[in-house]
Amino acid sequence: MRRLLPLSAALALSCAPPAPPSATPVAPTVSALIAAPSASVAPDTVAQSYCADPGQKVLASQLHDPDHRIPAIERTMQLFDDTYAAAGKDPAHPRMKAFADCFVAPLAQTYVSGRLDWSHRERLMRALASIRDARALPAWEHAIRELRSDSDAQDAAAAVRAIADSGVRESRVLDAIGAAFVRLEAGSEQGGLVFKQFMDAMRDISAPTWETLLLERIDRPMVTIERDASKDTIRAYRNEQFWQVTSAEILGNLKSTRAIRPLLKCVVNPNKTDIAATAVMSLVKIGKPAVPMLSDILLGKDQEVNDYARALIQQDPEAAVTRNAAMVLGTVGCSEGTKPLMDALARSSDDVTRAVLARELSKLPPSAASLAAYLDVMMKMPASVDLPTGESAVEMLLERVDAFFDPAVIDKLLKRGREARGSDDEVQAVRDQVLVSLIRLMKKEHVAKVEKAIQQWAPRPDESKLEKEAFAASKELVIECGDKIPCYLAKLDDPAIQENRRQMTGIKAAYMIGILGYSRRESVRNEVLLRLPRIRNAAIKYVAGRAIDHLTPDGDQAVADGLSRLIEDNRRTGDQNLMIGDNPLKQIRWRVLARLPQAPVH
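What counts as what
- Residues numbered from 1 in each chain as written.
- Predicted model: local features only at pLDDT ≥ 70, side-chain atom pairs only at ≥ 80, totals over all residues.
- Heavy atoms only, no water.
- Axes fitted to C-alpha atoms, helices over the stretch in contact; angles between N-to-C directions.
- Helix = DSSP H or I, 4+ residues; strand = E, 2+ residues; numbered from the N terminus.
- Parallel < 35°, antiparallel > 145°, perpendicular 65-115°, else oblique.
- Left-handed = near helix turned anticlockwise from the far one by under 90°.
- Contact = heavy atoms within 4.5 Å.
- Nonpolar A, V, L, I, M, F, W, Y, C, P; charged D, E, K, R; others polar.
- Expected span 1.5 Å × (residues − 1).
- Buried < 20%, exposed > 50% of the residue type's maximum accessible area, 1.4 Å probe, protein only.
- pLDDT = per-residue confidence, 0-100.
- 1 Å grid on protein atoms, 1.4 Å probe; cavity = no way out; pocket = protein on both sides within 12 Å on 5 of 7 lines; lining within 4 Å.
- Points joined across faces, edges and corners; volume = space filled by probe spheres on them.
- Disulfide = S-S within 2.5 Å.
- Core = buried A, V, L, I, M, F, W, Y, C linked by side-chain atoms within 4.5 Å.
- Salt bridge = Lys/Arg side-chain N within 4 Å of Asp/Glu carboxyl O.
- Phe/Tyr/Trp six-rings, centres within 6.5 Å; stacked < 30°, edge-to-face > 60°.
- Arc of directions from axis to C-beta.
- Polar contact = N/O pair within 3.5 Å; in protein donor to acceptor, adjacent residues only side chain to side chain.

Peer 1: Just to check I follow, could you spell out the packing of helix α13 (residues 260-268) against helix α15 (residues 291-298) for this structure?
Peer 2: Close contact between α13 and α15 brings their axes to 10 Å; oriented N to C, the two are set at 45°. Judged on the interaxial angle alone, α15 and α13 are oblique. Seen from above, α13 lies across α15 with right-handed handedness. Here I260, R261 and L264 of α13 lie close against α15, whose contacting residues are M293, L294 and I297. Of the residues contributing to the contact of α13 with α15, the split by class is 5 nonpolar, no polar and 1 charged.

Here it is as structure tokens:
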């Protein structure tokens with residue numbers, strides 16, 4: 001029996017090996033690597049390796065030797081761990097490049113050979129996936145194709161992540177990933193540990209060739225889990241949740257127009273509440289091409305969706321379709337949605353539906369007609385009407401009117417507050433909400449009117465304390481800045497107002513920028529965008545984002561790109577507060593993109 005290489009020699013890795021001879025290919029094309037099925041890859045067909053160190057060359061050769069394979073794997077994995085740590089876990093580091101040149105090909109072949117226990121197989125895949133070298137593709141593909149049981153899940157997920165990061169996009173490999181996707185069970189023990197990794201990698205790849213497979217997945221039925229559900233039922237639900245959320249998100253990334261109706265069905269279906277939010281965002285990503293079909297669905301012209309709702313919803317399925325289609329149209333945010341929403345509003349006599357339609361109308365680029373339609377609903381809405389969420393319809397409408405960024409509504413708000421009826425608590429609740437919107441929308445010339453209303457509706461010091469504090473801060477600001485936009489811009493990122501106790505100044509400044517900046521919206525929104533990285537307060541950032549949305553009615557690629565950079569920069573910091581504060585900006589980014597002229601991709 002041959003003597004094993006001394007460990008000290010095996011661990012001696014040159015940081016800068018000489019260049020491999022030109023006749024020895026180090027990284028053959030991806031196509032060459034997958035020319036034959038991975039399970040039958042022979043040693044000579046795997047990408048060749050080049051070891052600068054003689055000791056490493058011997059160690060690499062021992063990976064092929066059945067008598068020495070396991071000790072060689074152990075030593076190679078120790079070498080990998082040491083090298084990876086020394087390289088700062090950077091696959092592009094020279095140390096890692098040298099390791100990859102020597103060991104990736106024989107390690108991949110060893111993995112594909114299939115004569116390993118679970119522990120050694122998992123260690124090999126962990127290393128091959130971390131290196132992100134396309135010469136490991138035979139092993140990655142093998143792990144994906146061999147996903148059959150729960151014990152295979154970790155290797156398959158690591159392989160898909162490596163493929164996503166390495167840029168491999170060969171059709172055969174993508175087909176293998178799609179087939180593995182429907183075999184991975186998120187409800188199983190190991191699948192539950194890695195499904196998120198698998199999902200994220202598939203999302204990053206978002207292969208167009210998966211479209212049909214993904215459409216089949218989101219069309220599958222789901223059953224709501226009851227409190228006493230069995231383990232099998234819970235497992236099945238978690239599997240469907242994984243498959244359908246992943247599918248819905250990728251279909252949005254693909255801007256698949258074939259997915260418009262199926263995604264809307266996910267929103268309508270009461271058994272798919274865990275899929276609905278992802279489906280809505282995917283429809284927003286599809287953007288303007290989705291508006292015609294969504295408009296037809298809103299107006300009851302899509303028989304397929306109507307029949308689908310009737311089969312699932314016992315009470316007023318038509319209203320459910322209308323409300324959900326309206327919600328999606330409003331979230332997409334294109335001006336093309338204004339007319340169908342107003343048409344639906346004109347034909348609706350149901351107060352709850354009218355409140356929902358008006359709310360969604362406020363999310364679209366404003367017009368005189370849409371504001372008038374909104375105010376008509378707001379002024380006539382009975383105080384007794386509650387939304388399905390339990391929220392008061394009139395209070396919601398009084399709050400959402402600020403989305404128009406138009407102080408012209410102030411007299412209407414004052415009238416609605418004066419005419420409030422009901423119990424003392426109900427009247428006070430309406431008036432408090434009126435005060436909030438008055439404070440947000442008032443300019444300098446409105447201060448006296450608003451102050452008078454506060455004195456009349458909350459004369460005692462202990463009444464409407466929060467509203468009074470907000471009014472005092474807003475009054476001071478509008479008296480100081482008047483109609484001067486630069487003055488309000490300077491307040492947005494002022495470090496002194498980022499603390500919660502002074503945040504109302506920044507919030508009011510953002511509202512004033514939206515109110516005053518519409519006539520020169522391009523330059524004003526760009527100024528807000530420049531200041532966003534310095535806005536640390538989440539509430540101020542939220543309203544600043546709404547101002548950008550309001551000031552970008554026709555979409556703008558540069559604005560979307562600026563928001564993307566900010567979101568990514570904050571993600572890299574790992575600061576959870578910053579990342580949570582960026583969540584509304586993600587939707588705004590997609591709304592800004594949705595408004596751009598675009599051709600359907602699929």
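That covers the picture; the talk isn't over yet.
Peer 1: So what exactly am I meant to see when it comes to helix α14 (residues 273-286) here?
Peer 2: One turn of an α-helix holds 3.6 residues; hence residues three or four places apart share an orientation. Between the first and last C-alpha of α14 there are 20 Å, a value that for 14 residues agrees with the 20 Å anticipated at 1.5 Å per step. α14 sits mainly inside the fold: 10 of its 14 residues count as buried. Of the positions making up α14, those classed as buried are I275, A276, T278, A279, V280, S282, L283, V284, K285 and I286. Buried residues in α14 make contact with α12 (231-253), α13, α17 (317-332) and α32 (583-594). Positioned one or two residues after α14, G287 has a phi angle of 75°, which is positive.

Peer 1: Explain the confidence of the model for the protein chain here, please?
Peer 2: When pLDDT drops low, the exact placement of atoms in the prediction is not to be read closely. Mean pLDDT over the protein chain: 90, with 91% of residues reaching 70 or higher. Counted against residues more than four places away or in other chains, residues 1-46, with its pLDDT under 50, gives 84 contacts.

Peer 1: Help me out: how do you make sense of the layout of surface pockets in this one?
Peer 2: The method is simple in principle: a probe with the dimensions of a water molecule rolls over the atoms, and the space it marks as empty is what remains. Counted as a void, the largest pocket has a volume near 820 Å³. Lining the largest pocket are 22 residues, with R203, E249, K285, K586 and W590 positioned closest to its centre. Contributing elements (two or more residues each) for the lining of the largest pocket: α10 (191-205), α12, α14, α30 (557-573) and α32.

Peer 1: Can you walk me through the state of the cysteines in this structure?
Peer 2: Disulfides are covalent bonds that connect the sulfur atoms of two cysteines. In the structure shown here, the tally under the stated rule is 2 disulfides. The residue that forms a disulfide with C51 is C102, at a sulfur-sulfur distance of 2.0 Å. On the sign convention where negative is left-handed, the bridge of C51 and C102, at about 85° about the S-S bond, is right-handed. With C51 in the loop between α2 (30-33) and α3 (54-62) and C102 in helix α5 (residues 94-113), this residue pair connects regions lying 51 residues apart in the sequence. In this structure C51 comes out as buried when scored by relative accessible area, which is 12%. You can call C102 buried: its relative accessible area is 1%.

Peer 1: What exactly am I supposed to notice about the nonpolar core here?
Peer 2: Most often, soluble globular proteins keep nonpolar side chains buried together rather than apart. Grouped together as the largest cluster of nonpolar side chains are 191 residues, with contacts concentrated most on W140, I177 and F198. In terms of residue count, the dominant contributor to this core is α5 (10 residues). With sequence-adjacent residues up to four places away left out, F198 is seen in contact with A156, A157, V160, I177, A180, F181, L184 and F242.

Peer 1: Any chance you could explain the environment of L124 here in plain terms?
Peer 2: Relative to the elements of secondary structure, L124 occurs in helix α6 (residues 118-131). For the pair formed by L124 and A496, sequence separation is 372 residues and the distance between their alpha carbons is 53 Å. Sequence-distant contacts of L124, defined by excluding residues within four places in its chain, comprise I73, M77, L107, T110, Y111 and L116.

Peer 1: Where do I start with the environment of V291 in this structure?
Peer 2: As for its placement among the helices and strands, V291 is situated in helix α15. The class of V291 is buried, set by a relative accessible area of 5%. Distance from V291 to G333, taken between C-alpha atoms, is 9.7 Å for residues 42 residues apart in sequence. Once residues lying within four places of it in the same chain are set aside, the contact partners of V291 are L329, V332, C334, E336 and G337.

Peer 1: What should I look at first to understand the pattern of salt bridges in this one?
Peer 2: Between side chains of opposite charge, a pair can form as their charged atoms come close. Per the counting criterion, the structure on display carries 51 salt bridges. Across the pair K415 and E419 runs a salt bridge, and its minimum N-O distance is 2.8 Å. Each of R132, R161, D165, K196, D200, R203 and D204 takes part in one network of salt bridges that share partners.

Peer 1: What is the right way to read the side chain of R123 from this model?
Peer 2: Tracing the sequence through the fold places R123 in helix α6. In this structure R123 comes out as buried when scored by relative accessible area, which is 19%. Ignoring any residue separated from it by four or fewer positions in sequence, one finds R123 in contact with E74, M77, Q78 and D81.

Peer 1: Help me understand the packing of aromatic side chains, please; the structure alone is not making it clear to me.
Peer 2: The tally for this structure, following the rule as stated, stands at 7 aromatic pairs. Ring centres 5.4 Å apart and planes at 70° place the aromatic pair F181 and F242 in the edge-to-face group. Taken together, the positions of F181 in helix α9 (residues 171-181) and F242 in helix α12 put the pair 61 residues apart, joining distant regions of the chain. One exposure class covers both F181 and F242, and it is buried.

Peer 1: Explanation requested: α30 in the structure shown.
Peer 2: Relative to the 24 Å expected for 17 residues at 1.5 Å per residue, α30 spans 25 Å between its end C-alpha atoms, a close match to the ideal helical length. Residues V559, A560, G562, L563, L566, I567 and N570 constitute the buried set of α30. The buried side chains of α30 occupy one side of the element, clustering within an arc of 160° when seen end-on. Facing away from the buried side of α30 by over 90 degrees, the exposed positions are R565 and R572. Against α28 (521-531), α29 (538-550), α31 (576-581) and α32 lie the buried residues of α30. The N-cap residue of α30 is D556: its side-chain oxygen and the backbone nitrogen of A558 are 3.0 Å apart.

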